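# What the coordinates show
If you want the building blocks of each chain, they are given just below.
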Amino acid sequence: MLNAAGHFCHPFQSGKELLNQLRRESFDMLIIDWQVPDLSGADVLRWAREKLPTNLPVLFMTSRSGEDDIVAGLAAGADDYMIKPIRRGELLARVQALLRRAYPSQNPIEQIQFGNYVFEARTGRLTVSGTPVEVTQKEFDLALLFFRNLGRPLSRAYILEAVWARDVEIPSRTMDTHVSRVRSKLQLRPEHGFRLAPVYSYGYRLEQMTG
């Protein structure tokens, strides 16, 4: 999930393996399973807090919603936790929030990737399967908004506020024209795995086609 969102991840099968690597290499964030096979999550976390930079964000995962694990994890120095099964959207949101808080001076991740679609947030550049697509800033913002809310119906009012912000007086046809351009330039059609469709008397929704 994290690799697909543009992060570089290094998985470890055991607590000892992770600690050995942490002695030699630095990482931007740790995600720890509370039930690791050899050392307890608490042991790994305590070691990390003693030896590593204090601003290093640590997120832990537990399969039990029992309060004891959660309290123990936060007491041992974790910044946040998640209870399995892990949901993609929540995981990405929590990871982004922790990274932003830990490294406020760094630019946000430049590349945001959804399958073959890559958005470069700072430059407004968009590529599909490696080929640049000419889009205006508004088209870029609109497309990114749809991908960030994949499968979720977005109301016209929400789209208006998110993309046009202060320009609230725009005619409703303007939004429809932009949606139509985004659909055509990005080829958001079922044969390419996506469908950008109107939601009757509400707004629009970008859906990923399966199968």
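Quick summary incoming for the structure in this document. (Residues numbered from 1 in each chain as written. Predicted model: local features only at pLDDT ≥ 70, side-chain atom pairs only at ≥ 80, totals over all residues. Heavy atoms only, no water.)

### Regarding the overall build of the protein
Quick note on the threshold: Secondary structure is summarised from DSSP: a helix means a run of H or I of at least four residues, a strand means a run of E of at least two, and numbering begins at the N terminus for each. Exposed residues in this analysis have more than 50% of their type's maximum accessible area, buried residues have under 20%, and partly exposed residues fall in between, with area computed by a 1.4 Å probe over protein chains only. Whether two residues are in contact is decided by their heavy atoms, any of which lying within 4.5 Å being enough.
A count of helices and strands for the protein gives seven helices and 10 strands. Principal axes of the C-alpha set define a box for the protein whose edges measure 60 × 40 × 35 Å. Within the span of the protein, comprising 211 residues, buried residues form 40% of the whole. Long-range pairs, those at least 24 residues apart, make up 49% of the contacts in the protein with a sequence separation of at least 6.

### Looking at the pattern of salt bridges
Going by this rule: The salt bridge definition used is simple: a Lys or Arg side-chain nitrogen within 4 Å of an Asp or Glu carboxyl oxygen.
Tallying each qualifying case throughout the model produces 13 salt bridges. For Asp-33, the salt bridge goes to Lys-84, with nearest N and O atoms at 2.7 Å. Here Asp-33 is found in strand S1 (residues 30–33), whereas its partner Lys-84 is found in the loop between strand S3 (80–83) and helix H4 (88–102), with 51 residues between them in sequence. Taking the relative accessible area as the measure of exposure, Lys-84 reaches 31% and is therefore partly exposed. With a shortest N-O distance of 3.3 Å, Glu-120 and Arg-125 are connected by a salt bridge. Given the relative accessible area of 15%, Glu-120 is considered buried. Residues joined by salt bridges that share partners form a network here, namely Asp-80, Arg-87, Glu-90 and Arg-94.

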